[in-house]
Amino acid sequence: MPELPEVETVRRGLLPAMEGVVLKLTDVNRPDLRWPFPERMADRLRDVRVDRLRRRSKYLLLDLSSGETLLIHLGMSGRMTISSDPLGQFLHDHPMPEKHDHVVFHMENGARVTFNDPRRFGAMDLMATESAEQHKLLSVLGPEPLGNAFDEPHLIAAFKGRNTPVKSALLDQGIVAGLGNIYVCETLYRAGVSPRRKAGRISAPRVAAMVPIIRAVLSEAIEAGGSSLRDFRQADGELGYFQHRFDVYDREGQPCRTPDCTGVITRIAQSGRSSFYCPVCQR
Ligand SMILES: [Zn+2]
């Protein structure tokens, strides 16, 4: 499932093909993904310029010259592919249409951006740019983890008195937007905090220490995604999926990487999701 760094990598990959470029035509090949598409979506996505391509949490937001914003969520399995970019950065010819190519954007510069999603947990919606922040999916979001509004006092206040495990608190999108299972596991490992510990029982200095760790974990992953973009000539044109080394995520049974720690990475289920951690150095 794409998390914030993957979505940011998709955004950066799409920028040269889409930002400032007129969207000539959009093929909408089915009526819905997770939810029905907005009314007359293909009409509203014809002959409009993409003024800005930004990200909020795991949502891509395309501000259009029509005064509307297109929201795209990749869901569990959504993929974006670019083909035939005349700028020369992407050498991929237009591929044959595939079964799950649900929406295809034809750009004036010749680039084609395809949204493919076999499981259809993805979503698209159109809204007035002016009131985009009030959209039901965006209005519930807390601050961006890499933005200025996410700081130590915010996290300390958000954890205060909370009886839920810290793992759940960090996954709460109202506390911090865009953190998912993988990067929460990695954050708690670096912070030396057990995912089972109650959020409200962690001392303020330890909570404060998580803020720069969250930023670092995400920034490093975005950097790894950037490297994958630079290697793009060899890739197949698919954006946002890249090899990245994790310290605890998906490493059940393997030795802890903390120097001198004898622990073994353990997996537990919390709220139906796997937490990976070292029971020795995460307390
Ligand atoms: Zn350890």
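This structure is a prediction, so every number in the text was calculated from the model and none was measured. (Residues numbered from 1 in each chain as written. Predicted model: local features only at pLDDT ≥ 70, side-chain atom pairs only at ≥ 80, totals over all residues. Heavy atoms only, no water.)

A. Molecular detail of the overall build of the protein chain. The helix and strand tally for the protein chain stands at six helices and 10 strands. Summarising its shape, the C-alpha atoms of the protein chain cover approximately 55 × 40 × 30 Å along the three principal directions. Residues counted as buried form 51% of the 283 residues belonging to the protein chain. Here the contacts in the protein chain between residues at least 6 apart in sequence split such that 67% fall between residues at least 24 apart. Total accessible area computed for the protein chain in this model is approximately 13100 Å², and 48% of it derives from carbon and sulfur atoms. (Helix = DSSP H or I, 4+ residues; strand = E, 2+ residues; numbered from the N terminus. Buried < 20%, exposed > 50% of the residue type's maximum accessible area, 1.4 Å probe, protein only. Contact = heavy atoms within 4.5 Å. Areas by Shrake-Rupley, 256 points an atom, 1.4 Å probe, with all protein chains shown as cover.)

B. Structural context of the side chain of Thr 69. Within the secondary structure, Thr 69 sits in strand S4 (residues 68–73). Residue classification places Thr 69 among the buried positions, given a relative accessible area of 0%. Among the polar contacts made by the side chain of Thr 69, one reaches the side chain of Thr 129 at a distance of 2.7 Å. Leaving out residues up to four positions away in the same chain, Thr 69 has contacts with Arg 54, Leu 61, Leu 62, Asp 63, Asp 125, Leu 126, Met 127 and Thr 129. (Polar contact = N/O pair within 3.5 Å; in protein donor to acceptor, adjacent residues only side chain to side chain.)

C. Broad picture of the pattern of salt bridges. As enumerated under the stated definition, the model contains 18 salt bridges in all. With a closest N to O distance of 2.9 Å, Arg 56 and Glu 144 form a salt bridge. Of this pair, Arg 56 sits in strand S2 (residues 48–56) while Glu 144 is found in the loop between strand S8 (123–128) and helix H3 (152–159), placing the two residues 88 residues apart along the sequence. The pair Arg 56 / Glu 144 is uniform in exposure class, with both members buried. Across the pair Asp 247 and Arg 257 runs a salt bridge, and its minimum N-O distance is 3.1 Å. (Salt bridge = Lys/Arg side-chain N within 4 Å of Asp/Glu carboxyl O.)

D. Representation of the coordination of the zinc ion. Listed as protein donors to the zinc ion are Cys 256 (SG), Cys 261 (SG), Cys 278 (SG) and Cys 281 (SG); their distances from the metal cover 2.3 Å. For the zinc ion, the four donor atoms in the first shell make angles of 104 to 119° at the metal, so the coordination geometry reads as tetrahedral. (Donors = N, O, S within 2.8 Å, 3.2 Å for Na, K, Ca; no water. Tetrahedral: all angles 85-135°; square planar, octahedral: opposite > 155°, others 65-115°.)

E. Representation of the sheet that holds strand S5 (residues 79–83). On the basis of which strands lie adjacent, the open sheet formed by eight strands has the order S5-S7-S6-S1-S2-S3-S4-S8 and antiparallel pairing. Lying at the two open borders of the sheet, with one neighbouring strand each, are S5 and S8. Ignoring which end each strand starts from, the neighbouring axes of this sheet average 30° apart. As defined by bridge partners, strand S6 (residues 101–107) adjoins strand S7 (residues 112–116) across five bridges and the pair is classed as antiparallel. Following the sheet pairing, Asp 101 is matched in S7 by Asn 116. Relative to S2, helix H1 (residues 4–18) is tilted by about 160°, and along the sheet it contacts S2, strand S3 (59–64), S5, S6 and S7. (Pairing = 2+ DSSP bridges. Axes fitted to C-alpha atoms, helices over the stretch in contact; angles between N-to-C directions.)

F. Summary view of the nonpolar core. Membership of the largest hydrophobic core comes to 31 residues, with the highest contact counts inside it found for Leu 14, Phe 105 and Met 124. At the level of secondary structure, the elements contributing two or more residues to this core comprise H1, S2, S3, S4, S5, S6, S7 and S8. Per-element tally for this core: the top contributor is H1, with five residues. Each residue touching Phe 105, except ones within four places of it in the same chain, is listed here: Met 18, Leu 23, Leu 25, Thr 26, Leu 45, Leu 70, Ile 72, Ala 111, Arg 112, Val 113 and Met 124. Core analysis: the next-biggest nonpolar cluster, separate from the first, contains 26 residues, Leu 170, Leu 179, Ile 182 and Ile 214 among them. (Core = buried A, V, L, I, M, F, W, Y, C linked by side-chain atoms within 4.5 Å.)

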